[in-house]
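What follows is the residue order along each chain.
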Amino acid sequence: MRKPIIAGNWKMFKTNKEAAAFAEEVKGQAAVEGVESVICAPYTALATLVEAVKGTGIQVGAQNIHWEDNGAFTGEISGEMLKELGVTYVIIGHSERRQYFGETDETVNKRTKAAFKHGLTPIVCVGEKLEEREAGRTKDVCREQTVKALEGLSAEQVAQAVIAYEPVWAIGTGKSSTAEDANEVISYIRELVKEQAGAEAAAAVRIQYGGSVKPNNIKEYMAKEDIDGALVGGASLEPASYLQLVEGAK
Ligand SMILES: O=C(CO)COP(=O)(O)O
């Protein structure tokens with residue numbers, strides 16, 4: 001049985017103080033039996049958030065990781081640094097990083113390996129752009145991104161990873177994929193994992209849908225066999241809405 005996982009991606013929102021206030025508001029309500037709940041916050045809020053969510057059932061994730069442990073890489077953060085803070089998850093290869101910061105399938109692979117090296121669970125993002133979808137290339141793009149991201153990982157590592165299928169056209173647009181379409185692509189990604197890492201890893205790996213997930217549609221996604229949760233941007237920023245998402249994933 002795969003445990004459902006709701007992960008909030010706060011992107012570049014919330015100061016340190018705002019993150020602490022969020023944690024204060026959800027205290028005592030965020031632990032939902034059978035659901036894993038994670039907040040991926042900006043680096044500046046991580047230390048505060050790890051302390052503030054203690055005992056709430058929420059885990060803390062970062063939004064990127066460098067592949068080296070340290071070195072002359074101005075502006076980068078390593079797995080060692082994240083681990084020491086008590087961070088347990090890290091988003092890798094989000095489409096915004098691919099689009100604006102030159103993230104490639106190769107660097108996504110290196111970052112994913114670094115996450116495992118430091119005992120962090122990667123949330124590896126894949127997904128097609130609108131023009132790729134319109135050209136009928138959704139599955140090709142997902143194949144390319146998934147296969148390259150997982151290259152060189154052991155079957156055990158793949159089994160522990162989280163993959164987020166986020167069609168780029170659905171991010172922040174209010175135009176979510178239908179649950180049927182999302183499930184079809186996610187089933188396909190699970191097939192790819194099977195080819196690459198074997199049946200056990202494919203049965204264990206958790207694959208989320210992301211893109212305009214809201215409290216009012218989370219249940220449609222969760223009802224689908226291959227969808228194991230959601231990676232949520234906008235709707236994870238408000239305490240009440242975040243709590244509804246976690247509750248909706250039961
Ligand atoms: O990019 C996303 C999560 O990583 C999705 O963002 P929205 O939920 O705001 O569409």
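For the structure given in this document, a descriptive report is provided here. Because the structure is a prediction, the values reported are computed rather than measured.

### Examining the overall build of the protein
Now for step 1: Regarding its fold elements, the protein presents 12 helices and eight strands.
Now for step 2: In summary, the protein has a C-alpha radius of gyration of 17 Å against a globular reference of 18 Å for 250 residues, a match within 12%.
Now for step 3: Each of the three principal axes of the protein carries a C-alpha extent, and together these read 45 × 45 × 35 Å.
Now for step 4: Looking at the protein residue by residue over its 250 residues, the buried ones come to 53%.
Now for step 5: Counting only contacts in the protein whose residues sit at least 6 apart along the sequence, the fraction spanning at least 24 positions is 72%.
Now for step 6: Total accessible area on the protein is roughly 11300 Å²; 50% of this is exposed by carbon and sulfur atoms.
Now for step 7: Put simply, the protein has 28 plus and 36 minus side-chain charges, and the middle of one group is 1 Å from the middle of the other.

### Some details on the site of the ligand
Now for step 1: Residues in contact with the ligand amount to 13 residues; listed here are only the nearest, Lys11, His94, Glu166, Gly172 and Ser212.
Now for step 2: Contacts to the ligand include Gly172, whose backbone N or O atom sits 2.6 Å from an oxygen atom.
Now for step 3: A distance of 2.8 Å separates an oxygen atom of the ligand from a polar backbone atom of Ser212.
Now for step 4: The protein chains hide 96% of the 310 Å² of surface that the ligand would expose on its own.
Now for step 5: Taken together, the residues of the shell around the ligand break down into four nonpolar, seven polar and two charged.

### Points about unusual backbone geometry
Now for step 1: Positioned with a positive phi, Lys11 is a non-glycine residue whose angle comes to about 50 degrees.
Now for step 2: Note on placement: Lys11 falls in the loop between strand E1 (5-9) and helix H1 (16-26).
Now for step 3: Positive phi values are uncommon outside glycine, yet Lys14 reaches one of about 85 degrees.

### So, the packing of aromatic side chains
Now for step 1: According to the stated counting rule, one finds five aromatic pairs in the structure shown.
Now for step 2: Pairing Phe22 with Tyr242 gives two aromatic rings, centres 5.8 Å apart and planes at 65 degrees, and the pair type is edge-to-face. Taken as a pair, Phe22 in helix H1 and Tyr242 in helix H12 (residues 239-248) lie far apart in primary sequence, 220 residues in all.
Now for step 3: The class for Phe22 is buried, based on a relative accessible area of 3%.
Now for step 4: With a centroid separation of 4.5 Å and an interplanar angle of 20 degrees, the aromatic rings of Tyr209 and Tyr221 are classed as stacked. Taken as a pair, Tyr209 in strand E7 (residues 206-210) and Tyr221 in helix H11 (residues 218-222) lie far apart in primary sequence, 12 residues in all.
Now for step 5: Given a relative accessible area of 2%, Tyr221 falls into the buried group.
Now for step 6: Here the aromatic residues Trp10, Phe22 and Tyr242 are joined through ring pairs into a cluster of three or more.
Now for step 7: Across from the ring centre of Trp10, 5.2 Å away, lies the NZ or CZ of Lys14, which sits over that ring.

### Describing H12
Now for step 1: Most of H12 sits inside the fold, with seven of its 10 residues counted as buried.
Now for step 2: Restricting attention to buried positions, one finds in H12 the residues Pro239, Ser241, Tyr242, Leu243, Leu245, Val246 and Gly248.
Now for step 3: Each element contacted by the buried residues of H12 is listed here: E1, H1, strand E2 (36-40), strand E3 (58-62), H11 and strand E8 (229-232).

Conventions used here
- Residues numbered from 1 in each chain as written.
- Predicted model: local features only at pLDDT ≥ 70, side-chain atom pairs only at ≥ 80, totals over all residues.
- Heavy atoms only, no water.
- Helix = DSSP H or I, 4+ residues; strand = E, 2+ residues; numbered from the N terminus.
- Rg over C-alpha atoms; globule rule 2.2 N^0.38 Å.
- Buried < 20%, exposed > 50% of the residue type's maximum accessible area, 1.4 Å probe, protein only.
- Contact = heavy atoms within 4.5 Å.
- Areas by Shrake-Rupley, 256 points an atom, 1.4 Å probe, with all protein chains shown as cover.
- Lys, Arg positive; Asp, Glu negative; His and termini not counted.
- Charge placed at Lys NZ, Arg CZ, Asp CG, Glu CD.
- Near = heavy atom within 4 Å.
- Polar contact = N/O pair within 3.5 Å; in protein donor to acceptor, adjacent residues only side chain to side chain.
- Nonpolar A, V, L, I, M, F, W, Y, C, P; charged D, E, K, R; others polar.
- Phe/Tyr/Trp six-rings, centres within 6.5 Å; stacked < 30°, edge-to-face > 60°.
- Lys NZ or Arg CZ within 6 Å of the ring centre and 35° of its normal.

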